[in-house]
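# Chains, contacts and geometry: an overview
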Amino acid sequence: MRAIRNCFCLKKRKPGFEEPSILAAETHFTVNEVEALHDLFKKLSSSVIDDGLIHKEEFQLALFNNSNKKNLFLDRLFDLFDIKRNGVIEFGEFVRSLNVFHPRAPEADKIAYLFRLYDLQQTGFIARDELKEMVLALLSESDLSLSNDAVESIVDKTMMEADLKGDGKIDEEEWKEFVTNNPSILKNMTLPYLKELTISFPSFILNTDVKDLE
Amino acid sequence: MAKLTNLNAFDIISLSSGFDLSGLFVENDEKKEVQFTSTHTFSSITSKLGDIAQNLKLKVKKQGGLMKMEGTSGGRKGALAIDAEIFEFTPSFHLVELRKSSGDTLEFQKTLKQDVRPALKDIVWAWQGQPHQQS
């Protein structure tokens with residue numbers, strides 16, 4: 001006879017679900033925080049297609065309030081969150097990906113993650129062309145236009161500082177050096193709200209049997 | 001007031017909403033800082049901010065690229081103080097960050113909504129997280 005432990009046992013398992021205790025042990029989140037993230041995940045993953053998985057449209061809806069809005073950076077972020085590369089973000093992937101954004105995650109992890117995000121073609125380098133493409137994408141997203149000369153000058157200035165070997169692309173070693181000298185670049189890689197999850201999603205806390213040990 | 005010019009292409013890119021996950025966790029009107037882009041000059045922006053500080057009876061102190069605006073009357077959590085920091089991408093493309101440096105976040109957001117945003121309308125291109133409004 002199965003012992004009734006907590007409500008997670010009784011629910012039908014959605015694909016990609018991992019036990020909160022396992023995820024808590026392998027990330028900077030406590031069990032209660034993982035459960036709060038599950039609340040958020042449930043909300044996001046049922047917004048367009050109710051299947052317990054976050055689809056691209058649901059991610060777009062969450063970040064832009066528009067499920068059809070295409071965005072280069074969101075595409076890259078979605079691909080990185082989709083660790084198994086099966087086109088959807090499962091709960092385990094969601095928690096493990098957000099873990100890198102935790103204030104206590106090591107800076108080295110954030111630096112490496114950001115490099116992969118910006119390495120559009122996944123060649124192991126950020127090429128000058130990719131950098132220019134991203135600047136143009138941002139300007140277009142913001143409805144801004146700068147002259148080609150202005151864009152070239154911004155890209156040139158950055159490449160000059162970052163591309164120490166002068167080969168027209170930034171490798172991971174050059175990237176680490178560059179970020180160390182320009183820490184503002186890492187800003188988006190830390191979400192202070194991840195330390196306040198149980199405040200943002202308190203409804204779960206009333207139902208859980210698990211008490212945080214810390 | 002000296003402005004900060006060592007912003008680079010990656011700082012520009014990081015302005016993208018497609019990369020800002022904070023929206024998953026907090027509503028725009030609960031944030032302790034807001035940013036806007038402006039296609040005005042540095043002096044035009046500082047002048048406008050100075051006017052606003054004067055209207056709100058905030059004392060202005062300049063520290064390098066930072067403009068500190070401090071209130072004197074006590075609010076729920078002490079006097080409201082706002083920091084304004086201006087970053088240059090080009091002489092006619094700036095990013096301005098307004099941060100609550102002390103006081104109550106709700107009061108900060110209320111002051112932004114009622115007093116600051118309307119006064120900045122002429123120089124704001126777009127507020128972070130919101131598309132540019134065609135006027």
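If you're wondering where the values come from, they're calculated on a predicted model, not measured in any experiment.

### Here's the deal with the pairing of strand 2 (residues 59-63) of chain B
All names here are of chain B. Note that strand 2 and strand 3 (residues 66-70) share 5 bridges and pair antiparallel. For Q63, the partnering residue across the bridge sits in strand 3 and is L66. Hairpin geometry of strand 2 and strand 3 is characterised by an intervening segment of 2 residues between the two adjacent antiparallel strands and by a positive phi of about 65° at G64.

### Concerning the environment of N181 of chain A
Residue and element names in this part refer to chain A. Here N181 shows up in helix 10 (residues 172-181). Its relative accessible area of 49% is what places N181 among the partly exposed residues. C-alpha of N181 to C-alpha of L144: the two residues are 37 residues apart in sequence and 28 Å apart in space.

### Some thoughts on the UniProt feature "domain: EF-hand" (unreviewed entry) in chain A
The positions that UniProt labels "domain: EF-hand" (unreviewed entry) are, in the present scheme, residues 69-104, 106-141 and 150-185 of chain A. Structurally, residues 106-141 of chain A is divided into 72% helix and 6% strand, and its ends, taken at the C-alpha atoms, are 31 Å apart.

### Here's the deal with the interface of chain A and chain B
Contacts between chain A and chain B engage 46 residues on the former and 32 residues on the latter. Regarding the contact of chain A and chain B, the summed buried area is about 3,200 Å², with carbon and sulfur atoms giving 71% of it. On the chain A side of the contact with chain B, L144, N188 and Y193 of chain A bury the most area, a combined 19% of that side's loss. The interface formed by chain A and chain B includes 2 salt bridges. On the surface where chain A and chain B come into contact, there are 7 residue pairs in polar contact (both at pLDDT 80 or more).

### Some thoughts on helix 8 (residues 128-141) of chain A
It helps to recall that an α-helix has 3.6 residues per turn; residues three or four apart then point in one direction. Its 14 residues place the ends of helix 8 of chain A 20 Å apart at the C-alpha level, agreeing with the 20 Å of an ideal helix rising 1.5 Å per residue. For helix 8 of chain A, the complete set of buried residues consists of E130, L131, K132, M134, V135, L138 and L139 of chain A. Packed against the buried residues of helix 8 of chain A are helix 5 (72-81), helix 7 (107-118), strand 1 (126-127) and helix 9 (148-162) of chain A together with helix 1 (9-13) and strand 5 (93-102) of chain B.

### A word on the sheet that holds strand 4 (residues 81-90) of chain B
Spatially, 6 strands are ordered 2-3-4-5-1-6 (chain B) in an open sheet, and the strand pairing comes out antiparallel. The sheet is open, and its two edges are formed by strand 2 and strand 6 (126-127) of chain B, each paired on a single side.

### Some words on the pattern of salt bridges
Counted by the stated rule, this structure contains 20 salt bridges over all chains. With a closest N to O distance of 3.9 Å, D79 of chain A and R76 of chain A form a salt bridge. Here D79 of chain A and its partner R76 of chain A are both found in helix 5, 3 residues apart, which amounts to about one turn of the helix. Residue D79 of chain A is classed as partly exposed on the basis of its relative accessible area of 25%. Among the charged side chains, a salt-bridge network with shared partners connects K187 of chain A together with E33, K68, D83, E85, E97 and R99 of chain B.

### Some details on the packing of helix 2 (residues 42-55) of chain B against helix 3 (residues 105-120) of chain B
Two packed helices can be described by the angle between their axes and the distance between those axes. Residues and elements named next belong to chain B. The contact between helix 2 and helix 3 brings their axes to 10 Å, and the two run at 150°. By the angle between their directions, the pair helix 2 and helix 3 is classed as roughly antiparallel. Between helix 2 and helix 3 lies a crossing of right-handed hand. Contact residues: helix 2 offers K48, L49 and I52, while helix 3 offers V116, A119 and L120. A class-by-class count of the residues in the contact of helix 2 with helix 3 yields 5 nonpolar, no polar and 1 charged.

Conventions adopted
Residues numbered from 1 in each chain as written. Chains lettered and ligands numbered in written order. Predicted model: local features only at pLDDT ≥ 70, side-chain atom pairs only at ≥ 80, totals over all residues. Heavy atoms only, no water. Pairing = 2+ DSSP bridges. Helix = DSSP H or I, 4+ residues; strand = E, 2+ residues; numbered from the N terminus. Buried < 20%, exposed > 50% of the residue type's maximum accessible area, 1.4 Å probe, protein only. UniProt positions renumbered as here; feature names shortened; annotations may be inferred. Contact = heavy atoms within 4.5 Å. Buried area = accessible area lost by both parts, 1.4 Å probe. Salt bridge = Lys/Arg side-chain N within 4 Å of Asp/Glu carboxyl O. Polar contact = N/O pair within 3.5 Å; in protein donor to acceptor, adjacent residues only side chain to side chain. Expected span 1.5 Å × (residues − 1). Axes fitted to C-alpha atoms, helices over the stretch in contact; angles between N-to-C directions. Parallel < 35°, antiparallel > 145°, perpendicular 65-115°, else oblique. Left-handed = near helix turned anticlockwise from the far one by under 90°. Nonpolar A, V, L, I, M, F, W, Y, C, P; charged D, E, K, R; others polar.

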